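Inside the fold
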Amino acid sequence: MLRMKTECEHCKTKLARKEVAYICSFECTYCKSCSEKMHFTCSNCQGALVLRPPRLIEPFKIPAAELKNTLFS
């Protein structure tokens, strides 16, 4: 499961769950401003930064049976 980090790894700005953020394949997380300044390239692994998918609710608030059904349906 994708870890939803709560701050930009570059400028340490707090990132809300619904806020626009960018991640690389190793889940390094950056705010929109830093991502643009870095030309959407991760400063740690040099991988591409892509838009982080929004998570509207926390997984633990969904009953486990429902979570499994939504992931593998």
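Here is a short report on the structure shown in this document. Keep in mind that this is a model prediction, so the values were computed, not measured.

About the criteria used
- Residues numbered from 1 in each chain as written.
- Predicted model: local features only at pLDDT ≥ 70, side-chain atom pairs only at ≥ 80, totals over all residues.
- Heavy atoms only, no water.
- Pairing = 2+ DSSP bridges.
- Helix = DSSP H or I, 4+ residues; strand = E, 2+ residues; numbered from the N terminus.
- Core = buried A, V, L, I, M, F, W, Y, C linked by side-chain atoms within 4.5 Å.
- Buried < 20%, exposed > 50% of the residue type's maximum accessible area, 1.4 Å probe, protein only.
- Contact = heavy atoms within 4.5 Å.
- Lys, Arg positive; Asp, Glu negative; His and termini not counted.
- Salt bridge = Lys/Arg side-chain N within 4 Å of Asp/Glu carboxyl O.

This part is about the sheet that holds strand E2 (residues 29-31). With antiparallel pairing, three strands are arranged side by side in an open sheet as E2-E1-E3. Edge positions in the sheet fall to E2 and strand E3 (50-51), since each has one partner strand and no second. Note: strand E1 (residues 21-23) against E2, three bridges, orientation antiparallel. In the sheet register, isoleucine 23 faces E2, and the bridge partner there is threonine 29.

Core analysis: the largest hydrophobic core is formed by twelve residues, namely Cys8, Leu15, Ala21, Tyr22, Cys24, Cys28, Tyr30, Cys31, Cys34, Met38, Cys42 and Leu49. If you list the elements that add at least two residues to this core, you get E1 and E2. If sequence neighbours within four positions are ignored, cysteine 24 has contacts with Cys42, Cys45, Ala48 and Leu49.

For the rest of this paragraph, the subject is unusual backbone geometry. Outside of glycine, negative phi angles account for most residues, and trans bonds account for most peptide bonds. The backbone of lysine 12 sits at a positive phi, close to 65 degrees, despite the residue not being glycine. Secondary-structure assignment places lysine 12 in the segment before E1. The class of lysine 12 is partly exposed, set by a relative accessible area of 49%. A positive phi angle, near 65 degrees, is found at glutamine 46, a position not held by glycine. In this structure, glutamine 46 sits in the loop between helix H1 (32-37) and E3. For glutamine 46, a relative accessible area of 56% gives the class exposed.

Right, let's talk about the environment of lysine 32 for a bit. Within the fold, lysine 32 resides in helix H1. Under the relative-accessibility criterion, lysine 32 is labelled partly exposed at 43%. In sequence terms lysine 32 and alanine 21 are eleven residues apart; their C-alpha atoms lie 5.5 Å from each other. Not counting residues up to four positions away in its chain, the partners in contact with lysine 32 are Val20 and Tyr22.

The subject of this paragraph is the side chain of glutamate 27. Within the element layout of this structure, glutamate 27 appears in the loop between E1 and E2. Salt bridges are absent for the buried glutamate 27, whose nearest opposite-charge side chain, arginine 3, sits at 4.8 Å.

In this fold, glycine 47 is placed in the loop between H1 and E3. A residue is classified by how much of its surface remains accessible, and glycine 47, at 22% relative accessible area, is partly exposed. Along the chain, glycine 47 and cysteine 24 lie 23 residues apart, while their C-alpha atoms are 6.0 Å from each other.

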